[in-house]
Amino acid sequence: MIPVMIPQLGEEEAQAAAEAVRSGWVAQGPRVAQFEQEFAAVVGASQGVAVSSCTTALHLALVALGVKPGDEVVVPSLSFIATANAVRYVGATPVFADVDLATGNLTAETIDAVRTPRTRAVIAVHQGGVPFDTAGLRKAAADWGVELVEDAACAAGSTAYGQPAGTGATLAAWSFHPRKLITTGEGGMVTLDDADRAVRLKRLREHGMNVSAADRHKSSQPVIEAYLETAYNYRMTDIQAAVGLVQLGRLPGLVADRRAKAARYQSLLADIDGLVPVRDPSYGQTNYQSFWVLIEPSFGSSRDDVLTELARQGVSARRGIMAAHLEPAYADVTPGPLPVTERITRDSLILPLHHKLTEDDQNHIVGVLRELARP
Ligand SMILES: *Cc1c(COP(=O)(O)O)cnc(C)c1O
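Bear in mind that the values here come from a model prediction, so they are computed numbers and not experimental data.

### Focus: the overall build of the protein chain
Turning to step 1, where the next piece is worked out: In terms of helices and strands, the protein chain carries twelve helices and 14 strands.
Turning to step 2, where the next piece is worked out: On C-alpha atoms alone, the protein chain measures out to a radius of gyration of 21 Å, which is about the 21 Å that the 2.2 N^0.38 rule sets for 375 residues.
Turning to step 3, where the next piece is worked out: Overall, the C-alpha framework of the protein chain stretches about 80 × 55 × 40 Å when taken along its three principal axes.
Turning to step 4, where the next piece is worked out: A burial count over the protein chain gives 54% of its 375 residues as buried.
Turning to step 5, where the next piece is worked out: Computing the positive centroid from 34 side-chain charges and the negative centroid from 42, the protein chain places the two 2 Å apart.

Right, dumping it as structure tokens:
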């Protein structure tokens, strides 16, 4: 079976994790601090706050903004469900907006269509690594007086307007789950440029303590900590951060490899009618975290039939991005019309793309698609 994704983990990561274990410091400590600094620098932010996942990063971002019950937060339904769930964690109401067909992303127009006086914030997603229009959405949010949180779970290595996605974000949330480009097993980060807010976020991830356990340990004097607010345990471990530091060094190579293989897919698929592969938007570059293909009616087979045939011929593809409003967890929400979201989630699939994918694999996958195409 050709897998849809494989994390690139080597001896270096195993060594780094082993060193963290041998050091005796396995909880949040010096390696987490170093990973925060280095990751933030790579994505063009001055502050990084490592946490246990992107889901908890999104939760803390909304807590830090003071989003509360009665507030509305506009989110794409077309996203991993954690984006919408984070809004409910703070007791606010997710409001689903539609997306652009080419990028799968929110636009100022789709947000404006569902915005109300209760809209406190928007969570925009860089869908499958495809950057949203950062300049356009940040300006629109500022004009409306609405906060913009950037769900960059999939976007490490993507760029917009010549800068890393996340550069200049009020708050960007990242994921290090193995389905993303770089991984720490589980893990996430908030990046931002506001040093005071970073202090608050660090407190929120560690039980509301005014001094971290690591700093207390370093001090030669007894330190009596105080708990300033009711908070969470969303810490990353030093074992995870040790792995993340090695992974970070692999990021440029991983992105280059994925972009080369995506370009090859695009040229192999070019003459098959009714298959539209994802591409770079005009203002940026995707890291191709997900290489998705939209199936048009002219193709002749449904998405589910394509998935079944690919599986029969040894290819593990995936349905395209989910739509939260179609899931039982959101059955109590009645959104406005989301025609593009429903089309993408019904008619798209994600093809295998990873460092071990060979040209023969790609030829085989495209060969199966070619057989299925209407003659
Ligand atoms: C993967 C993903 C998340 C959740 O990330 P975790 O680190 O697994 O919590 C959130 N949003 C999007 C868009 C994702 O793709």
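Read on, since the account is not over.
### What about the environment of alanine 323?
Turning to step 1, where the next piece is worked out: Tracing the sequence through the fold places alanine 323 in the loop between β13 (318–319) and α11 (339–347).
Turning to step 2, where the next piece is worked out: Given a relative accessible area of 2%, alanine 323 falls into the buried group.
Turning to step 3, where the next piece is worked out: Residues alanine 323 and alanine 373, 50 residues apart in the sequence, show an inter-C-alpha distance of 26 Å.
Turning to step 4, where the next piece is worked out: The residues touching alanine 323, leaving out its near neighbours within four places in the chain, are Ser77, Leu78, Thr341 and Thr345.

### Regarding unusual backbone geometry
Turning to step 1, where the next piece is worked out: In this structure, tyrosine 161 is a non-glycine residue whose phi angle is positive, near 50°.
Turning to step 2, where the next piece is worked out: With a relative accessible area of 43%, tyrosine 161 lands in the partly exposed category.
Turning to step 3, where the next piece is worked out: You will see that tyrosine 288, though not glycine, has its phi angle at about 50°, which is positive.
Turning to step 4, where the next piece is worked out: Classification of tyrosine 288 by relative accessible area gives buried; the value is 4%.

### What to know about the pairing of strand β8 (residues 171–175)
Turning to step 1, where the next piece is worked out: Most of β8 is tucked away: five of the five residues are buried.
Turning to step 2, where the next piece is worked out: Bridge count between strand β5 (residues 147–151) and β8: three bridges; the pairing is parallel. Looking across to β8, one finds that aspartate 151 is bridged to alanine 173.

### Notes on the sheet that holds β13
Turning to step 1, where the next piece is worked out: Pairing is antiparallel in the open sheet, where four strands are placed in the order β10-β12-β14-β13. The open sheet has two edge strands, β10 (275–277) and β13, and neither has a second partner.
Turning to step 2, where the next piece is worked out: As defined by bridge partners, β13 adjoins strand β14 (residues 348–351) across two bridges and the pair is classed as antiparallel. Across the sheet, arginine 318 pairs through a bridge with isoleucine 350, a residue of β14.

### Here's the deal with the packing of aromatic side chains
Turning to step 1, where the next piece is worked out: Under the counting rule described, the total for this entry stands at nine aromatic pairs.
Turning to step 2, where the next piece is worked out: Taken together, a centroid distance of 5.2 Å and an interplanar angle of 55° make the contact between phenylalanine 35 and phenylalanine 176 tilted. Here the residue phenylalanine 35 occupies a position in helix α2 (residues 30–42), and phenylalanine 176 occupies one in the loop between β8 and β9 (188–192), the gap between them amounting to 141 residues.
Turning to step 3, where the next piece is worked out: Since its relative accessible area comes to 1%, phenylalanine 176 is described here as buried.

### Looking at the UniProt feature "modified residue: N6-(pyridoxal phosphate)lysine" (unreviewed entry) in the protein chain
Turning to step 1, where the next piece is worked out: Per the UniProt record, the feature "modified residue: N6-(pyridoxal phosphate)lysine" (unreviewed entry) sits at Lys180.
Turning to step 2, where the next piece is worked out: Mapping lysine 180 onto the fold places it in the loop between β8 and β9.
Turning to step 3, where the next piece is worked out: On the basis of relative accessible area, lysine 180 is assigned to the buried category, the value being 14%.
Turning to step 4, where the next piece is worked out: The residues touching lysine 180, leaving out its near neighbours within four places in the chain, are Met5, Ala153, Cys154, Ser175 and Gln289.

### Some words on the side chain of glutamate 206
Turning to step 1, where the next piece is worked out: By the element assignment, glutamate 206 lies in the loop between α7 (195–204) and α8 (213–218).
Turning to step 2, where the next piece is worked out: The residues contacting glutamate 206, other than those within four sequence positions of it, are Gln28, Ser212, Ala213, Tyr232 and Arg235.

### Focus on the site of the ligand
Turning to step 1, where the next piece is worked out: Taken together, 15 residues are adjacent to the ligand, and Cys54, Thr55, Asp151, Ser175 and Lys180 come closest.
Turning to step 2, where the next piece is worked out: Cysteine 54 has a polar backbone atom sitting 2.9 Å from an oxygen atom of the ligand.
Turning to step 3, where the next piece is worked out: Lysine 180 is positioned such that a nitrogen or oxygen atom in its side chain is 2.7 Å from an oxygen atom of the ligand.
Turning to step 4, where the next piece is worked out: Against a free-state accessible area of 390 Å², the protein chains account for coverage of 91% of the ligand.
Turning to step 5, where the next piece is worked out: When contributions to the shell around the ligand are tallied by element, the ones reaching two or more residues are α3 (54–64) and α4 (82–89).
Turning to step 6, where the next piece is worked out: Classifying every residue of the shell around the ligand by side-chain character gives six nonpolar, seven polar and two charged.

### Focus: α2
Turning to step 1, where the next piece is worked out: End to end, α2 covers 18 Å across 13 residues, agreeing with the expected 18 Å (1.5 Å per residue, within 8%).
Turning to step 2, where the next piece is worked out: Looking at the buried residues of α2, the elements they touch are β1 (47–51), β8, β9, α7 and α9 (238–269).
Turning to step 3, where the next piece is worked out: Just downstream of α2 lies glycine 44, where phi reads positive at about 75°.

Quick notes on the rules
Residues numbered from 1 in each chain as written. Predicted model: local features only at pLDDT ≥ 70, side-chain atom pairs only at ≥ 80, totals over all residues. Heavy atoms only, no water. Helix = DSSP H or I, 4+ residues; strand = E, 2+ residues; numbered from the N terminus. Rg over C-alpha atoms; globule rule 2.2 N^0.38 Å. Buried < 20%, exposed > 50% of the residue type's maximum accessible area, 1.4 Å probe, protein only. Lys, Arg positive; Asp, Glu negative; His and termini not counted. Charge placed at Lys NZ, Arg CZ, Asp CG, Glu CD. Contact = heavy atoms within 4.5 Å. Pairing = 2+ DSSP bridges. Phe/Tyr/Trp six-rings, centres within 6.5 Å; stacked < 30°, edge-to-face > 60°. UniProt positions renumbered as here; feature names shortened; annotations may be inferred. Near = heavy atom within 4 Å. Polar contact = N/O pair within 3.5 Å; in protein donor to acceptor, adjacent residues only side chain to side chain. Areas by Shrake-Rupley, 256 points an atom, 1.4 Å probe, with all protein chains shown as cover. Nonpolar A, V, L, I, M, F, W, Y, C, P; charged D, E, K, R; others polar. Expected span 1.5 Å × (residues − 1).

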